[in-house]
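# Residue-level structural notes
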Amino acid sequence: MDSDHGGRSDSREKGPWPQVVSHGDAPPQASPHAPPDRRADGLLPAPPDVPAPAAADVPADPVPGAAGPATGGGIAALSFRYQAVAALALSLIGLLACAQVAMVFLHVAPSNTLTKQHGEAVDNWVYPEFEQNWKLFAPNPLQQNIAVHVRAEVAGADGRRTTPWMSLSGEDGKAIRGSFFPSHVNQNELRRGWDFFVNSHDSENRPNGLRGDLSERYIRRIVMLRLGERDYGGTVERIQVRSETRSVEPPSWSEEKISTRPNYRVLPWWTVTPDDLPENAGAPQASRGEEADK
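Remember, predicted model here, so these are calculated numbers, not experimental data.

On the surface, I75, L78, Y82, L90 and I93 cluster together to form a nonpolar patch covering roughly 490 Å² of accessible area. Mapping L78 onto the fold places it in the loop between helix 2 (38-41) and helix 3 (80-108). Judged by its relative accessible area of 39%, L78 is partly exposed.

Enumeration according to the criterion identifies nine salt bridges in this entry. Taking the shortest distance from any N to any O, the salt bridge between D276 and R220 comes out at 2.8 Å. In this pair, D276 is assigned in the segment after strand 8 (270-271) and R220 in helix 7 (residues 210-227), connecting sequence segments 56 residues apart. The two residues D276 and R220 agree in class, both being buried. Taken together, the shared-partner salt bridges in this structure form one network comprising E153, R160, E237 and R238.

Turning our attention to the packing of helix 3 against helix 4 (residues 113-126). For the pair helix 3 and helix 4, interaxial distance at closest approach is 9 Å and the crossing angle is 120°. Compared by their axis directions, helix 3 and helix 4 come out oblique. Judged by the sense of rotation from one axis to the other, the crossing of helix 3 with helix 4 is left-handed. Mapping the contact onto sequence places L96, A99, Q100, M103, L106 and H107 in helix 3 and L114, T115, V122, D123, W125 and V126 in helix 4. For the contact of helix 3 with helix 4, a count of residues per class yields eight nonpolar, three polar and one charged.

Procedures and definitions
Residues numbered from 1 in each chain as written. Predicted model: local features only at pLDDT ≥ 70, side-chain atom pairs only at ≥ 80, totals over all residues. Heavy atoms only, no water. Patch = residues over 30% accessible without salt bridge, like charges linked within 9 Å, V, L, I, M, F, W, Y side chains within 5 Å. Areas by Shrake-Rupley, 256 points an atom, 1.4 Å probe, with all protein chains shown as cover. Salt bridge = Lys/Arg side-chain N within 4 Å of Asp/Glu carboxyl O. Helix = DSSP H or I, 4+ residues; strand = E, 2+ residues; numbered from the N terminus. Buried < 20%, exposed > 50% of the residue type's maximum accessible area, 1.4 Å probe, protein only. Axes fitted to C-alpha atoms, helices over the stretch in contact; angles between N-to-C directions. Parallel < 35°, antiparallel > 145°, perpendicular 65-115°, else oblique. Left-handed = near helix turned anticlockwise from the far one by under 90°. Contact = heavy atoms within 4.5 Å. Nonpolar A, V, L, I, M, F, W, Y, C, P; charged D, E, K, R; others polar.

Okay, here's the thing in structure tokens:
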């Protein structure tokens, strides 16, 4: 075994790993298993000579803290003058969109203070391009307070007499006010019954079909059910019903002038029949409940 440098083995000749050439050594010999260099044989063209870049073409290193060109897109990439123009255009578009939404809202909303004062301007904006055939609320919210009153003709030992008007709606209001779980009877029975009667009768209180007769019987039974809970010392022979309608007073900031005087719709006297009495009830007694203002 040959050795050099103090008896160390020359592993470069016998090891299976590639040889490492240090500075000053001869260039490594080509491996016998390596593919032939076809460029040396003239089979492949030699790579073109790439000229070295000129000093002027090499970008200089950026200076720390220096502002470079804008790299973002959109309005930020524009100059200040065009940014101002774009901001003004977007503001006008936003204002126009808000005006369109407000005008359409007022057009489809129920009649209110604004539409009564500026209804012509709203219509000029909406018609004909933006016409809407729907409403925001259906039906329109009520703007009136409607109360149902009743009085009775009672026949007793001292003769025949007529009771003062009693507010049935006022009694329902007292039962609802302050109650966490108000009864549907107090909330809806009389109110829906009166709506049923009004919608099935004409302005002269004449029924317009079978629904008119049914609504009248329904009102008579509701009235006799309420009167049967009280005792006036006699038998109720006839009853009379009326409605009192008052417009809701406008708010203090509104300049709208509305009369709040009551309007009455008085029905004719009805003679009480056995069909009007509650089930399993005897002769009803007149009410001595809360009296309505005459």
